[in-house]
Amino acid sequence: MEGPEQSGNVLKEGLFCVFEGIDGSGKTTLIQKVREELLNQMPELSDSILLLREPTSGKTGQKIRAFLQAGNNLQRSEWIDLFMLDREENVNSSIKPELKNKKLILQDRYFYSTAAYQGDETEPPGAQEILEESLKRGFPEPSLLFFLDIPPEVALERITKSREQMESFETLAQQEKFYKNFLRILPEECIFLDAMENSDEIAFEISKIILGAIEDQ
Ligand code: TYD
C-alpha cells in the first residue's frame, strides 16, 4: 500500500552515485545490495532509486556489448567514440532528466572507465586526456564516487571461475593497466572500498554514506 507520504520526492535534489572498478571487482552485485540496504533503512526511497549502467541497454550500448562478446578488434579511437556516444545518450535521456526529477541514481561505470580502459600512456590520448575531454563535454560529475578496489590478479581469478567465455578486455596485463590508470585519474574525493571485504558489509558502509548525503541536503 502506498500512502501519500510514500509518493513524491524524498530527496531535496538529485543524487548521482557512481561506482567504478576493474572487471571482477564485484560492482554489479554490490550495487544491487546497496539498493536493498538503502530500502531496508529507508523504505520511502523505493520510488526514488534508479539503477543505470554503461554500456547501456540502448542502441549504442547493445552494439558495444556485441563487439565485446565477439572479441572484436576495433581501433582504440573507435572504442572511445562508441563509449562516448553511449554515454552522451545516457546523460541526455536518463541522467540529467532523472537528477532533475530528484532521483537517487546508482550508476554502474561512467567516464572514469573510458579514461582507465581506453587511455594509453604510450600513445595519446592518455587516461588524463580522456577524463578532461569528458568534463569538457559537460557530462555531470558524480555527487559521490566509489571505487571498488581489488588487486587485478584476484579480480581475474574471480572472472575466470565464473565465466565460460572471456570478453575482449579480460587478460591480466590489461587489467593491470586499467587498474593503474584508475589510480592515476580518480579524484581526491573518490571513496575507496576494499573489495576483498564481505560484500554485505561494504554495501552497508556505502548505504550509510549515501543516507548521510541525503540527510545533508
Ligand atoms: P561491464 O558491463 O561493467 O562488464 P560486465 O559485462 O562484466 O558486467 O562492462 C563491460 C566492459 O566494457 C568492461 O570490460 C569494461 C568495458 N568498458 C570500457 O572499456 N570503457 C568504458 O567506457 C566502459 C563504460 C566500459
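Scroll up for the structure.
Residues numbered from 1 in each chain as written. Predicted model: local features only at pLDDT ≥ 70, side-chain atom pairs only at ≥ 80, totals over all residues. Heavy atoms only, no water.

Undergrad: I keep staring at the site of the ligand and nothing clicks. Help me out?
TA: Of all residues adjacent to the ligand, which total 17 residues, the nearest are Asp-23, Arg-109, Thr-114, Gln-118 and Arg-163. A distance of 2.5 Å separates an oxygen atom of the ligand from a polar side-chain atom of Thr-114. Residue assignment for the shell around the ligand shows that the elements contributing at least two residues are α2 (59–70), α3 (76–100) and α4 (111–118). The dominant element in the shell around the ligand, judged by the number of residues it contributes, is α4, at four residues. (Near = heavy atom within 4 Å. Polar contact = N/O pair within 3.5 Å; in protein donor to acceptor, adjacent residues only side chain to side chain. Helix = DSSP H or I, 4+ residues; strand = E, 2+ residues; numbered from the N terminus.)

Undergrad: Please clarify how the packing of α3 against α4 should be interpreted in this entry.
TA: The relative placement of two packed helices is expressed as an angle between their axes plus a distance between the axes. Running from N to C, α3 and α4 point in directions that differ by 175 degrees, and their axes come no closer than 10 Å. Classed by the angle they form, the pair α3 and α4 counts as roughly antiparallel. From α3, Arg-76, Trp-79, Ile-80, Phe-83 and Arg-87 reach across to α4, where they touch Phe-111, Thr-114 and Gln-118. Residues that form the contact of α3 with α4 fall into these classes: four nonpolar, two polar and two charged. (Axes fitted to C-alpha atoms, helices over the stretch in contact; angles between N-to-C directions. Parallel < 35°, antiparallel > 145°, perpendicular 65-115°, else oblique. Contact = heavy atoms within 4.5 Å. Nonpolar A, V, L, I, M, F, W, Y, C, P; charged D, E, K, R; others polar.)

Undergrad: Would you explain the packing of α2 against α3 in this entry?
TA: It is the contact of α2 with α3, at a shortest axis distance of 9 Å, that shows an interaxial angle of 145 degrees. The element α2 and its partner α3 pack so that their crossing is left-handed. Contacts between α2 and α3 involve Thr-60, Gly-61, Lys-63, Ile-64, Phe-67 and Leu-68 from the former and Trp-79, Leu-82, Phe-83, Leu-85, Asp-86 and Glu-89 from the latter. Grouping the constituent residues of the contact of α2 with α3 by class yields seven nonpolar, two polar and three charged. (Left-handed = near helix turned anticlockwise from the far one by under 90°.)

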